Amino acid sequence: MTIAGTRRPSIFFWSAPRNISVCRISSTKSCQTYWPASEMESPILISSELGAVMCTVLMTAGHIDLEMFSELRLKHPGVTVDYQVVEPSSQQLHSYKVLLAQKSDLDYITFNWNKMTSAEFEEQWKSKQTTKKADFIHMIQMLYYVKDVDATIRFFQSLLDKNGKLLIILVSGESGWGKLWKTFSPQLCMCEISQCVTTADVKSFLESEKLKYKSYALPSQMDITECFTEGDEKGELLLDFLTETNRFSRTASPQLKADVLKLLRDPCCSVESNGRVIFNNTLEVIIVDATI
């Protein structure tokens, strides 16, 4: 399963941990894939059988999925894939299908389209008493958009087959986002979805559940210099993005705005280099194992 949102990791994700592939059922011949040791502290080995069950939930328009399919096909040309797509947005689903229509080499994948939220997917899955298991689920920049992060992780982790992996990418708890939200969540995170969740929250949950996982930082930076120039159009938009508040400069109290700007410039969030303010936008990958 795949899950993604708007704080999109750029394509560098696929050149850092380069290979993510899944295999399952229909043959006794085993296959293996790994993330190269040069990219991680140690390679991650995924081993199962030819034939894959994958699912994507709340994704972007499919570009990351195509990168994944390409790597899978390159390493395991004989693998067939059962792919569940879960997405409540008609526009996103349309964009995904348009992208797929441009590809002529995806006949080894069976796409199953589910226009619904992850919560609705969970309800449907349970009502049908489905027993099918997934080899690989990825939730990329998605958990900001659910009401209950812990319950969402618990459900999708329960769908993993033996040796299956659940991959989660969010902003790191040690990033500038993490510091900003930890300090100002009462003022900035006031909607019903979990927009201020970081990998620190996910790790805390996984450890409380005694679930095995590994994590890897994906360093990233963002130039936010214009935020500190009063009235700068780009700076105003950046502030809206950072605070996830429409017209933040106009709607926030003068004190809140001053406090946010002070924290954004603090070394815990940013570094100053050559007259520019560079925000710590580091993401983190968390790979959760199936329950044994």
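Above this note sits the structure.
Right, let's walk through the structure included here.

**Examining the overall build of the protein**
Here comes step 1: A count of helical and extended segments in the protein gives 9 helices and 13 strands.
Here comes step 2: Buried residues in the protein amount to 53% of all 292 residues.
Here comes step 3: Contacts in the protein between residues at least 24 apart in sequence constitute 76% of all its contacts with a sequence separation of at least 6.
Here comes step 4: Total accessible area computed for the protein in this model is approximately 14400 Å², and 50% of it derives from carbon and sulfur atoms.

**Remarks on the pattern of salt bridges**
Here comes step 1: One pass over the full model with this rule turns up 10 salt bridges.
Here comes step 2: Asp289 is the partner of Lys165 in a salt bridge, and the nearest nitrogen-oxygen pair spans 2.7 Å. Placement of Lys165 in strand 8 (residues 160-171) and of Asp289 in strand 13 (residues 283-289) is noted, with a sequence separation of 124 residues between them.
Here comes step 3: Lys165 gets classed as buried once you look at its relative accessible area, which sits at 14%.

**A short note on the sheet that holds strand 10 (residues 221-223)**
Here comes step 1: Spatial ordering of the open sheet is given by 10-12-11, a layout of 3 strands whose pairing is antiparallel. In this open sheet, the two strands that pair with only one neighbour each are strand 10 and strand 11 (270-273). Averaged over all pairs of adjacent strands, the angle between their axes in this sheet comes to 30°, without regard to strand direction.

**Quick word on the nonpolar core**
Here comes step 1: In this structure, Phe69, Tyr83, Leu143, Ile153, Ile168 and Leu264 are the most contacted members of the largest nonpolar core, which totals 77 residues.
Here comes step 2: When residues of this core are assigned to their parent elements, the largest contribution, 7 residues, is made by strand 8.

**Section: the layout of surface pockets**
Here comes step 1: There is about 240 Å³ of room inside the largest pocket.
Here comes step 2: Around the largest pocket sit 15 residues that line it, and Ser118, Ala119, Tyr145, Val146 and Lys147 are the ones nearest its centre.
Here comes step 3: Looking at the lining of the largest pocket, the elements that each hand over two or more residues are helix 3 (118-127) and helix 4 (149-158).

**With respect to the packing of aromatic side chains**
Here comes step 1: Considering all chains together, one arrives at 14 aromatic pairs under this definition.
Here comes step 2: Where Tyr96 meets Phe111, the ring centres are 6.3 Å apart and the plane angle is 70°; that geometry is what we call edge-to-face. On the criterion of sequence distance, the pair formed by Tyr96 in helix 2 (residues 90-101) and Phe111 in strand 6 (residues 109-114) is long-range, its members being 15 residues apart. For the pair formed by Tyr96 and Phe111, the shared burial category is buried.
Here comes step 3: Seen in terms of ring centroids, Tyr144 and Tyr145 are 5.8 Å apart; in terms of plane orientation they differ by 80°. Their pairing is edge-to-face.
Here comes step 4: Residue classification places Tyr144 among the buried residues on the basis of a relative accessible area of 0%.

**Things to note about unusual backbone geometry**
Here comes step 1: One non-glycine residue, Gln141, lies in positive phi territory at about 55°.
Here comes step 2: Its location among the elements puts Gln141 in the loop between strand 7 (134-140) and helix 4.
Here comes step 3: By relative accessible area, Gln141 is classed as buried at 0%.
Here comes step 4: Positive phi outside glycine occurs at Asn274, with the angle close to 55°.
Here comes step 5: When you line up the elements, Asn274 lands in the loop between strand 11 and strand 12 (276-280).

**Observations regarding the side chain of Thr198**
Here comes step 1: If you trace the backbone, Thr198 turns up in the loop between helix 5 (176-188) and helix 6 (199-208).
Here comes step 2: The class for Thr198 is buried, based on a relative accessible area of 6%.
Here comes step 3: For Thr198, the contacting residues outside a window of four places in its chain are Leu170, Val171, Ser172, Gly173, Gly178 and Trp181.

**Comments concerning the environment of Ala151**
Here comes step 1: By the element assignment, Ala151 lies in helix 4.
Here comes step 2: By relative accessible area, which is 27% here, Ala151 ends up partly exposed.
Here comes step 3: Taking C-alpha positions, Ala151 is 9.9 Å from Phe205, a pair spaced 54 residues apart along the chain.

**Points about the packing of helix 1 (residues 63-75) against helix 2**
Geometry of a packed helix pair, given as the angle between the helix axes and the separation of the axes.
Here comes step 1: Following both chains from N to C, one finds helix 1 and helix 2 inclined at 40°, their axes separated by 10 Å at the closest point. As helix 1 runs across helix 2, the sense of the crossing is right-handed. On helix 2, the residues touching His63, Asp65, Leu66 and Phe69 of helix 1 are Tyr96, Leu99 and Leu100.
Here comes step 2: A per-class count over the contact of helix 1 with helix 2 returns 5 nonpolar, 1 polar and 1 charged.

Calculation notes
- Residues numbered from 1 in each chain as written.
- Predicted model: local features only at pLDDT ≥ 70, side-chain atom pairs only at ≥ 80, totals over all residues.
- Heavy atoms only, no water.
- Helix = DSSP H or I, 4+ residues; strand = E, 2+ residues; numbered from the N terminus.
- Buried < 20%, exposed > 50% of the residue type's maximum accessible area, 1.4 Å probe, protein only.
- Contact = heavy atoms within 4.5 Å.
- Areas by Shrake-Rupley, 256 points an atom, 1.4 Å probe, with all protein chains shown as cover.
- Salt bridge = Lys/Arg side-chain N within 4 Å of Asp/Glu carboxyl O.
- Pairing = 2+ DSSP bridges.
- Axes fitted to C-alpha atoms, helices over the stretch in contact; angles between N-to-C directions.
- Core = buried A, V, L, I, M, F, W, Y, C linked by side-chain atoms within 4.5 Å.
- 1 Å grid on protein atoms, 1.4 Å probe; cavity = no way out; pocket = protein on both sides within 12 Å on 5 of 7 lines; lining within 4 Å.
- Points joined across faces, edges and corners; volume = space filled by probe spheres on them.
- Phe/Tyr/Trp six-rings, centres within 6.5 Å; stacked < 30°, edge-to-face > 60°.
- Left-handed = near helix turned anticlockwise from the far one by under 90°.
- Nonpolar A, V, L, I, M, F, W, Y, C, P; charged D, E, K, R; others polar.

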